[in-house]
Each structure stands twice: as structure tokens, then as C-alpha cells.
Amino acid sequence: MIDQILPSTFFQKPTQALAKALLGCLLVKESAQGTASGYIVETEAYMGAMDRAAHSFGNKRTKRTEIMFSSAGHVYTYTMHTHTLVNVVSGPIGVPEAILIRAVEPVDGQALIASRRPVARAIDRTNGPGKLTQALNITRDDYGRRFTEPPLYLAHGFVPQHVSRGPRIGIENTGEARNYPWRYWVTDHPYVSKIRKRN
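Residues numbered from 1 in each chain as written. Predicted model: local features only at pLDDT ≥ 70, side-chain atom pairs only at ≥ 80, totals over all residues. Heavy atoms only, no water.

Trainee: How should helix α3 (residues 129–136) be read in this particular structure?
Mentor: Quick reminder: α-helices carry 3.6 residues per turn. Residues three or four places apart thus point the same way. Burial analysis of α3 places 6 of its 8 residues in the buried class, the great majority of the element. Buried within α3 we find P129, G130, L132, T133, A135 and L136. Where α3 is buried, its residues contact β1 (26–31), β2 (34–46), β4 (83–89), β5 (98–106) and α2 (110–116). The first or second residue beyond α3 is N137, which carries a positive phi of 65 degrees. (Buried < 20%, exposed > 50% of the residue type's maximum accessible area, 1.4 Å probe, protein only. Helix = DSSP H or I, 4+ residues; strand = E, 2+ residues; numbered from the N terminus. Contact = heavy atoms within 4.5 Å.)

Here it is, written out as C-alpha cells:
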């Protein structure tokens, strides 16, 4: 699978285009317990300084957001409500944009995924941003890595036939930014977290 890792040039796209291009890519995490992976089926773009929903709004530069100012293809992890979330840094150096990976469809290591998230419904193991990181063992320690090399990397997957677009989720207190249609998902895919219609 390593020979299928996406090259650094893959990430050299405008953030909105990359958020869409990530759909169908294989997100892989290697660990001492084994390898687990899943096809990305939902993403959200965060547009940096001008986006009230982005951690880097107003070019806010902190210990947490520092990696967002690095080159595209870096790993940005952070904790929210005890859950680790994983993002793909997407802007040029100095432009703090990133893409949240919201949901994946399990591929490799499904028994391992099930042991990490022993829930009643298999679909609930990776159909959300905090769920997928637990299932794939993506942690804060992955902060600052590159998605072009193990143990956490992106590989070739499939090209979705249809892609939907709509408002992002869970950012209610961000003014007009809450309605920007910057979430992308594989249309009608069962592992998509949930649908929020525009107001």
C-alpha cells in the first residue's frame, strides 16, 4: 500500500478543490497493533484568516495553530470535547487553511477498528470526526507529521461518481460563516456523519 501514497504535489490545490479531491482517498494509520484504514467520504474546508469558523481566523497564531501556517500536506490534530480531530493543512506556507476529515468508510483492519470502537452498529465506528480518529488510532502525537509518509498517510482510493456540497456542522456561533457551503461528501454514502440543510 505504501507505493500508493499520494505525492506532495496532490496537496498543491486550492483548499476548496482539495477538500473535494480528498473524497475517496484512503486514510491509513499504521500502529504496533496493525494497520487500519478507511476511504474518506466527508470533509470540511476551513479558510483561515477570513473564516470565522477557523482556528486561525484573523491569522491567529498559537501553539495549537502553528502547523496550519506550514506547507500543504501536514497533519493538524487537536482535541475537542475529549475527542481528537484530524485535518489536512491545505494552504501555501503562511496561509493557515485546513480541511477537517469528517468521516471514513472502513477498509483495512476492520477487526482492529471494531475492538477500538465496540459499538452496536458497525456504521457508527467511523461516521464522525472523533469516531474515525479513535477507530484508526489517530492521536495528538500525529500533529505535525506529513500525509506523504508513514505512519499516517493518504493513499489512492476511488473517485466518487457524485459529490454533494453544503454547510459545515457544529459551528453555530460563527455568524454568517455557519452557512458557507464548504462541506463536501460522497452523495448518499451511508458513512457520512449527517446532513444539515442550509437555512
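Trainee: What exactly am I supposed to notice about the pairing of strand β9 (residues 183–186) here?
Mentor: If a strand is regular, its side chains alternate between the two faces of the sheet. Going residue by residue along β9, you find R183 and W185 tucked away on one face and Y184 and V186 tucked away on the opposite face as well. As defined by bridge partners, β2 adjoins β9 across 3 bridges and the pair is classed as antiparallel. Within β9, the position partnered with E42 by the bridge is W185. Pairing geometry for strand β8 (residues 163–166) and β9, over 4 bridges, is antiparallel. Bridged to S164 within β9 is W185. (Pairing = 2+ DSSP bridges.)

Trainee: How should the layout of surface pockets be read in this particular structure?
Mentor: Summary: where empty space remains is shown by rolling a probe the size of a single water molecule over the atoms. Approximately 470 Å³ is the volume attributed to the largest pocket. Around the largest pocket sit 23 residues that line it, and Y78, M80, L85, I169 and G170 are the ones nearest its centre. Those elements giving two or more residues to the lining of the largest pocket turn out to be β2, β3 (75–80), β4, β5 and α3. When the residues that make up the lining of the largest pocket are grouped by side-chain class, the tally is 13 nonpolar, 7 polar and 3 charged. (1 Å grid on protein atoms, 1.4 Å probe; cavity = no way out; pocket = protein on both sides within 12 Å on 5 of 7 lines; lining within 4 Å. Points joined across faces, edges and corners; volume = space filled by probe spheres on them. Nonpolar A, V, L, I, M, F, W, Y, C, P; charged D, E, K, R; others polar.)

Trainee: Hey, could you run me through the environment of Q16 in this one?
Mentor: Mapped onto the elements of the fold, Q16 is located in helix α1 (residues 15–21). Distance in space between the C-alpha atoms of Q16 and G34 is 33 Å, their sequence separation being 18 residues. When sequence neighbours within four positions are dropped, the list of residues in contact with Q16 reads A45, M47, R165, W182 and Y184. Here the side chain of Q16 touches Y184 through a polar contact of 2.6 Å, side chain to side chain. (Polar contact = N/O pair within 3.5 Å; in protein donor to acceptor, adjacent residues only side chain to side chain.)

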